Amino acid sequence: MPPDQNDHHDGEETLRRKAEEALRAKASITPQGDPHRIMQELKVHQIELEMQNAELRDARSHLELLVGKYTDLYDFAPVGYFSLNASGHIKEVNLTGATMLGVERSALLGRLFSSFVDPASRPDLDFFLHDLFQAEGKKICELILDNGNGERVWVDLQGVRCSKQNSPEPLCQLAVSDITALKRAAEAQRRVQALEAANVVLEAEISKRKEVEKALRKSKEHQSNLLVKALAMQEQLRHLSRQFLNAQEEERRRISLDLHDKVAQTLVAINLHLASLARDATASNSQMSGKILETQELVEQSVENVHRFARDLRPTVLDDLGLIPALQACVEDFTNETNIPAHLTAPGDLRPLGNDPAVAFFRIAQAALSNVAQHAEATEVSLTLRQTDGHLQMEIKDNGKGFDIEDEKSGKKPNRIGLIGMRERMEMIGGRFGIDSLPGKGTSIRMEWPLPNAGPSVSFSKDPL
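Residues numbered from 1 in each chain as written. Predicted model: local features only at pLDDT ≥ 70, side-chain atom pairs only at ≥ 80, totals over all residues. Heavy atoms only, no water.

**As for the packing of aromatic side chains**
One pass over the full model with this rule turns up one aromatic pair. On the numbers, 5.2 Å between centres and 70 degrees between planes, the contact of Phe82 with Phe113 is edge-to-face. Of the two residues, Phe82 is situated in strand E1 (residues 80–85) and Phe113 in the loop between helix H4 (105–108) and helix H5 (122–134); the sequence distance between them amounts to 31 residues. Across the pair, exposure class does not vary: Phe82 and Phe113 are buried alike. Between the NZ or CZ atom of Lys183 and the centre of the ring of Trp154, over which it lies, the distance is 4.6 Å. (Phe/Tyr/Trp six-rings, centres within 6.5 Å; stacked < 30°, edge-to-face > 60°. Helix = DSSP H or I, 4+ residues; strand = E, 2+ residues; numbered from the N terminus. Buried < 20%, exposed > 50% of the residue type's maximum accessible area, 1.4 Å probe, protein only. Lys NZ or Arg CZ within 6 Å of the ring centre and 35° of its normal.)

Right, here's the structure in full:
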């Protein structure tokens, strides 16, 4: 029975007791022996009792209405209400609580509440009930209910210990709220957070893989570019090799022609003069002296040609006197052969050079002057040798027609291999080579070589070849 039904019964007893006390009080003051007055008083008491009875009926109706409302609130509350004893048996339960457990309310009374609790949560229930009956105040616990149909329900228990007049044992009141939706929402939120965390990791991994793919694409493009450059350089090397062979063959042809046209013809002329002298034994002394003089001139001319060939192949002055005299002889020969004024400026205290640096500087100067003679159409050439800050520098400038360096780099002018040979010679001795040229502005070739025990080099050309 809900608690308000007991209160209703107590109210009726109180009203009845008050009415009887009022009747006894009036009867004690009623005069004895006056039947008419007694009858009158009894009628008044009857009327009062009827009025009190009407009040009692109205009060009872009102109480029944309140009990009905309370019963509805109790049975159809959004939470389950249970009354348990200390051993955990169900003494009272509302309809919501019975629905939670999936059993008729009448079949629940007297059953253990723990029989509807998941085995994993029963130790928590035991501890909760023990604590609830041992201490004052509200206690809270979360459990998992199992109604036997395979449905697991998370519930929140809030309980207080109480005593009832019609119960000889202590009881506790439990308010049981279904928090399965909250638990599922929390689990869903946890999964969402886990998915978000996994998504962050996945996005980072995707970003990393994109960076790797980008790097791989760049590497592939770089490798493709290197392959293209390698193929181009290979083709250029083959082209240069052919040019070198052609130049070598051309140089051999030139030497052969020079030997044939100059040395051989001079020797043939000498031989003819000697044969003429042998045949003409009767010639006068003056005639004989003239022919001998002509023969000597031919011999001197032949010797000069042989010396020139030797200088072209390997100048002895470079070995005997050093770089500056060899450069001076080269400049003089260039001017004599081309009629182009050339000037040499050199220091007077040049440090002694080894064989390889001296040969490299001389050959580069020789090749540069040869290029000027063949291609530059210049009217003046200057060759400057400087020794500064522990470095030997040489610059060869002309005022010729110049050329486009980019065309030279890209190999658009395949007949010029002299510049590449100059650069290779300078790099072989650990030096640096550079060139400045523009169409119509002339050409400046610069090279630098660090002298022994010298400091670092300073850049001197903005357009290295």
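**Thoughts on the pairing of strand E9 (residues 432–437)**
For a regular strand, the rule is simple: side chains alternate between the two faces of the sheet. Counting buried residues in E9 gives five out of six residues, a clear majority hidden from the surface. Both E9 and strand E10 (residues 443–450) contribute to a ladder of six bridges, which runs antiparallel. Each residue of the ladder has a partner; that of Phe433, found in E10, is Met447. (Pairing = 2+ DSSP bridges.)

**Structural notes on the pairing of strand E8 (residues 391–398)**
Summarising burial for E8: seven of the eight residues are buried, a large majority. By the bridge criterion, eight bridges tie strand E7 (residues 381–388) to E8 in an arrangement that is antiparallel. Of the residues in E8, the one forming a bridge with Gln387 is Leu392. With antiparallel pairing between neighbouring strands as the criterion, E7 and E8 make up a hairpin whose turn holds two residues, including Asp389 at a positive phi of roughly 50 degrees. Of the pairings in the sheet, the one linking E8 to E10 comprises eight bridges and is antiparallel in character. Residue pairing across strands places His391 opposite Pro450, the latter belonging to E10.

**Thoughts on the state of the cysteines**
Scanning the model with the defined rule gives zero disulfides in all. With no disulfide of its own, Cys172 lies closest to Cys162 among cysteine sulfurs, the gap being 7.1 Å. (Disulfide = S-S within 2.5 Å.)

**Section: unusual backbone geometry**
Although it is not a glycine, Asn339 adopts a positive phi angle of roughly 60 degrees. Structurally, Asn339 can be placed in the loop between helix H9 (323–338) and strand E6 (342–345). Asn339 sits in the exposed class, given a relative accessible area of 68%. A positive phi angle, close to 55 degrees, is found at Glu377, a residue other than glycine. For Glu377, the location among the structural elements is in the loop between helix H10 (355–376) and E7. By relative accessible area, Glu377 is classed as exposed at 63%.

**Considerations on the nonpolar core**
By size, the foremost hydrophobic cluster in this structure holds 41 residues, and its most contacted members are Leu327, Phe361 and Met394. When neighbours within four sequence positions are excluded, Met394 is seen to be in contact with Leu327, Phe361, Ile364, Ala365, Leu383, Thr384, Leu385, Ile445, Arg446 and Met447. Within the second largest apolar cluster, 25 residues are counted, among which are Leu129, Phe133, Leu143 and Val176. (Core = buried A, V, L, I, M, F, W, Y, C linked by side-chain atoms within 4.5 Å. Contact = heavy atoms within 4.5 Å.)

**What to know about H10**
Between its terminal C-alpha atoms H10 stretches 30 Å, which fits the 32 Å expected from 22 residues at 1.5 Å a residue. At the C-terminal side of H10, Glu377 shows a positive phi close to 55 degrees. (Expected span 1.5 Å × (residues − 1).)

**Remarks on the environment of Glu377**
Taking the C-alpha atoms as reference, Glu377 lies 8.3 Å from Asn399; in sequence the two are 22 residues apart. Residues contacting Glu377, with those up to four places away along its chain left out, are Val372, Gly400 and Lys401.

**Observations concerning the packing of H9 against H10**
For the pair H9 and H10, interaxial distance at closest approach is 10 Å and the crossing angle is 15 degrees. Judged by the inter-axis angle, H9 sits roughly parallel to H10. When the axes of H9 and H10 are compared, the crossing they make is right-handed. Here Leu323, Ala326, Leu327, Cys330, Val331, Phe334 and Thr338 of H9 come into contact with H10, specifically with Ala358, Phe361, Phe362, Ala365, Gln366, Leu369, Val372 and Ala373. (Axes fitted to C-alpha atoms, helices over the stretch in contact; angles between N-to-C directions. Parallel < 35°, antiparallel > 145°, perpendicular 65-115°, else oblique. Left-handed = near helix turned anticlockwise from the far one by under 90°.)

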